[in-house]
Amino acid sequence: MATLVESPGDASRGPRGPHWGPPRTVKRTDSEHEISRAAELLRRGECVAFPTETVYGLGAVATDAKAAARIFSIKGRPRFDPLIVHLASAGDLSTAASAVSERARLLAAALWPGPLTMVLPKRDAIPDIVTAGLPTVALRVPDHAVARALIEATGSPLAAPSANPFGYISPTTAQHVRDQLGEKVAMVVDGGPCRVGIESTIVDLSGERPALLRPGQITRETVEEILGEPLRLGAAGDKPTAPGQLPRHYAPSTRLVLIESVDAVAVGERGRAALLSALPVADRDGFAITRVLSESGDLEEAAAGLFAALRELDRADVSRIYAISIAEDGIGAAIMDRLRRAAAR
Ligand code: TXA
Ligand code: MG
């Protein structure tokens, strides 16, 4: 087996890393022994949290309905909310999808392994609980060596939502998972901080026209270019099949308010408030705590640090978190999607 720990997946290092990443003392799962132990637990029907390039997932064998049911109870997740099934490689697509369209082949060839999820007609092997009764299944091949090694060692695709209690901020480090799900999971496989930091882009290819269900690091523009056709926007009118599509999600406990500019916050109020900005801000005086996700204006870096910053600001003793809106092009659309849902009440 190849090296199990990818250093590019380590967001706490290098120029793009968030500045408030976890301490480097966190023990990483870098041995085949630990992967085998996790795979053994999964085969026995347990739930194991594991790293991907986007966020940590709470995994169970995708063909095991009882194990999948356990995911819902650990997360407190409503049963109408279907799970993403993770494959070791694009070659395994037809083990879970009953039909693989030309569009799916194009996207898989261009973007997998990577943070793209495709919704396709499902095979009977995938139980209804995984897809919440839908005739379709969401599939992706994660761009993380530990994740793929784990799927391979288990010998089965893994159903895995983000490893957070339902509705709360997604985990981007193993410590985030331990803090929130702790004893509820059989094991947390530590692969270091997630490189992408926000959940995968979801494209629905099961209908007549492809639709974007959730924006992510892989932008709408990129997918449209590969397909050579525009994406419909999922949501309005459609059944809200993605929790990302529920109005309130990714939410901190402290109230988060979206603002167009810092001028919206009176100077007298700043001492009790936190400021969150994806991009550099000139006027940041007086806030109790300020987090700028990318001082160089790099939106990939901003996305990678978003959830860790939200957690940190949520723990700070402030009455409000003010988040500055950004333009919704490219990855800006994915960041604004998460902020808007975090702000929803
Ligand atoms: O990056 C990610 O996608 C992470 C990592 C762990 O892979 N997973 C993740 O899972 O974000 P989760 O459960 O938090 O979000 C899964 C999304 C949900 O919004 C769900 O509704 C949607 O995928 N989904 C799953 N199956 C679907 C289907 N058949 N049709 C439409 N949407 C589906
Ligand atoms: Mg989630």
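For the structure itself, look to the data block above.
Note that residues are indexed from 1 along each chain, following the sequence as it is written. Written order decides the labels, with chains lettered from A and ligands numbered from 1. For this predicted model, a pLDDT threshold of at least 70 governs which residues receive local features, and a threshold of 80 or more governs which side-chain atom pairs are given and counted, while totals over whole chains, interfaces and linings are taken from all residues. Hydrogen atoms and water are omitted, and side-chain values are computed over all heavy atoms in the structure.

Colleague: Tell me about helix H4 (residues 102–111), and please be specific about residues and values.
Modeller: Regarding H4, the residues found buried are Ala 104, Leu 107, Ala 108 and Leu 111. Along the axis of H4, the buried residues cluster in a sector spanning 100°; they form a single face. The outward face of H4, more than 90 degrees from its buried face, is lined by the exposed residues Glu 102 and Ala 109. If you follow the buried residues of H4, they end up packed against helix H3 (93–96), strand E4 (116–121), strand E8 (201–204) and helix H8 (220–227). For every residue, the accessible area obtained with a 1.4 Å probe (protein chains only) is divided by the maximum for its type, and the residue is called buried under 20%, exposed over 50%, and partly exposed between those limits. Note on conventions: DSSP H or I runs of at least 4 residues are helices, E runs of at least 2 residues are strands, and numbering of each starts at the N terminus. The arc under discussion is defined with respect to the helix axis, by the directions toward the C-beta atoms. Two residues form a contact once any of their heavy atoms are found within 4.5 Å.

Colleague: I'd like a rundown of helix H7 (residues 174–181), residues and numbers included.
Modeller: Among the residues of H7, those classed as buried are Ala 174, His 176, Val 177 and Leu 181. Down the axis, H7 shows its buried residues gathered within 155° of arc, on one side only. Where H7 is buried, its residues touch strand E1 (48–50), strand E2 (57–61), helix H2 (65–75), strand E7 (187–188) and helix H9 (299–315). Once H7 finishes, Gly 182 follows within two positions and takes phi at roughly 25°, a positive value.

Colleague: Before we move on, can you summarise the side chain of Asp 204 with the specific residues and values?
Modeller: The topology assignment puts Asp 204 in strand E8. We note that Asp 204 is buried and unpaired, the nearest opposite charge coming from Arg 232 at a distance of 5.3 Å. Among the polar contacts made by the side chain of Asp 204, one reaches the side chain of Ser 206 at a distance of 2.7 Å. In this structure Asp 204 touches Val 119, Arg 209, Pro 210, Ala 211 and Leu 213, once residues within four positions along its chain are discounted. Positive: Lys, Arg. Negative: Asp, Glu. His and the chain ends are not part of the count. Each salt bridge in this description consists of a side-chain nitrogen of Lys or Arg and a carboxyl oxygen of Asp or Glu lying within 4 Å of one another. As used in this structure description, the phrase polar contact means that two N or O atoms lie within 3.5 Å; if the pair is within protein, one of them must be able to donate a hydrogen and the other to accept it, and residues adjacent in sequence are counted only when both atoms belong to side chains.

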